[in-house]
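Listed below, chain by chain, are the residues.
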Amino acid sequence: MTLYQPFLDDAIAYLQSRLELMPYPIPSGFEYKSAITGKGKNQEEVVTTSYGFCAPKLRQIRAAHVQGGKSLQVLNFVIFPDLNYDLPFFGADLVTLPGGHLIALDMQPLFRDDPDYQAKYSAPILPIFESYRQHLPWGGDFPEEARPFFSPAFLWTRPKETTDVETHVFAAFKDYLKAYLDFVEQAEPVMDTQALATIKQAQLRYLRYRAEKDPARGMFKRFYGQEWTEEYIHGFLFDLERKLTESVVS
Ligand code: DBV
């Protein structure tokens, strides 16, 4: 069992218990990808597996799980709501590299600076966020340009101990996901044309930023090559633009 497998298993089981999950297509060749890295004694297999679902109100629920031994474990888990809801994104970036653990967990807002939006989607999460602060202190520097995409309840931390990941981070992950599904349950479709246009722009802004700045791009290129990586990023991980051009989503 690898570090983030229980996170993934728990999340899928929990989503299944609360939503009518349906499969979301994963382009062929991207469900499972393996490569050997390193030389001689340091050779290691790096396997990336992908998971995709959709549900009422949720356009894409997807996870990328990278397993490359004790010092390379990544779970990137994102939920993209339908474009006719003002729901935030659920975003979890759980990363273990030779340098240590790096955890990003948030309900990433469509409208970071709108007080009504904050009151609706960030304020209710603050007590959860606060309850973990003691064990999961602020992780320090992160890219300034990413700020607009994070909420005031952004849990950003670099735990020193793996047990902190297995306990506090796991608990926080479950709490955030539960709170997210509570939002989903309460969400009402947006009807106003102007509001819908604003949501679409905000979704595209977020998506373009993440596709362009994907911090895993370098790693994936090294393991699986440039072509596979770009297709994975634009054709699966952050696929909204493609889907809009295919006009699968209106
Ligand atoms: N990050 C992804 C996807 C990943 C992934 C799809 C499938 O968005 C992994 C894999 N994140 C990943 C890896 C690293 C990070 C780091 C492998 C380490 C990169 C390295 O050190 O080589 C939050 N993730 C990070 C960092 C941040 C985030 C701030 C630090 C790296 C940096 O300084 O850029 N999550 C990340 C982010 C957003 C988000 C920037 C923006 C909205 O949601």
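Residues numbered from 1 in each chain as written. Predicted model: local features only at pLDDT ≥ 70, side-chain atom pairs only at ≥ 80, totals over all residues. Heavy atoms only, no water.

An unreviewed UniProt entry lists the protein chain under the name Phycoerythrobilin:ferredoxin oxidoreductase, with Brasilonema sennae CENA114 given as the organism. As stated in UniProt under Sequence similarities (unreviewed entry), the record for the protein chain gives "Belongs to the HY2 family." Under the heading Catalytic activity (unreviewed entry), UniProt records this for the protein chain: "(3Z)-phycoerythrobilin + oxidized 2[4Fe-4S]-[ferredoxin] = 15,16-dihydrobiliverdin + reduced 2[4Fe-4S]-[ferredoxin] + 2 H(+)". (UniProt positions renumbered as here; feature names shortened; annotations may be inferred.)

Draft legend 1. The arrangement of the nonpolar core in detail. Core analysis: the largest hydrophobic core is formed by 89 residues, its most contacted members being I61, F77, F90 and Y176. Here the element with the most residues in this core is helix α4 (residues 162-186); it accounts for twelve residues. Setting aside anything within four residues of it in sequence, one finds F90 in contact with F77, V78, I79, L105, D106, F173, Y176, L177 and Y180. (Core = buried A, V, L, I, M, F, W, Y, C linked by side-chain atoms within 4.5 Å. Buried < 20%, exposed > 50% of the residue type's maximum accessible area, 1.4 Å probe, protein only. Helix = DSSP H or I, 4+ residues; strand = E, 2+ residues; numbered from the N terminus. Contact = heavy atoms within 4.5 Å.)

Draft legend 2. The arrangement of the layout of surface pockets in detail. If you add up the space inside the largest pocket, you get close to 680 Å³. Together, 32 residues line the largest pocket, and D93, L102, R210, D214 and P215 are the ones closest to its centre. Every element with two or more residues in the lining of the largest pocket is listed here: β4 (58-67), β5 (73-81), β6 (89-97), β7 (100-108), α5 (193-213) and α6 (217-224). By residue number, the principal contributor to the lining of the largest pocket is β6, which donates five residues. A breakdown of the residues in the lining of the largest pocket according to their chemical character gives 24 nonpolar, three polar and five charged. (1 Å grid on protein atoms, 1.4 Å probe; cavity = no way out; pocket = protein on both sides within 12 Å on 5 of 7 lines; lining within 4 Å. Points joined across faces, edges and corners; volume = space filled by probe spheres on them. Nonpolar A, V, L, I, M, F, W, Y, C, P; charged D, E, K, R; others polar.)

Draft legend 3. Representation of the site of the ligand within the structure. In the vicinity of the ligand lie 23 residues, with N76, D93, Q108, R210 and D214 positioned nearest. At 3.4 Å from an oxygen atom of the ligand is found a side-chain nitrogen or oxygen belonging to N76. Its free accessible area being 840 Å², the ligand has 81% of it covered by the protein chains. The residue inventory of the shell around the ligand, partitioned by class, reads 18 nonpolar, two polar and three charged. (Near = heavy atom within 4 Å. Polar contact = N/O pair within 3.5 Å; in protein donor to acceptor, adjacent residues only side chain to side chain. Areas by Shrake-Rupley, 256 points an atom, 1.4 Å probe, with all protein chains shown as cover.)

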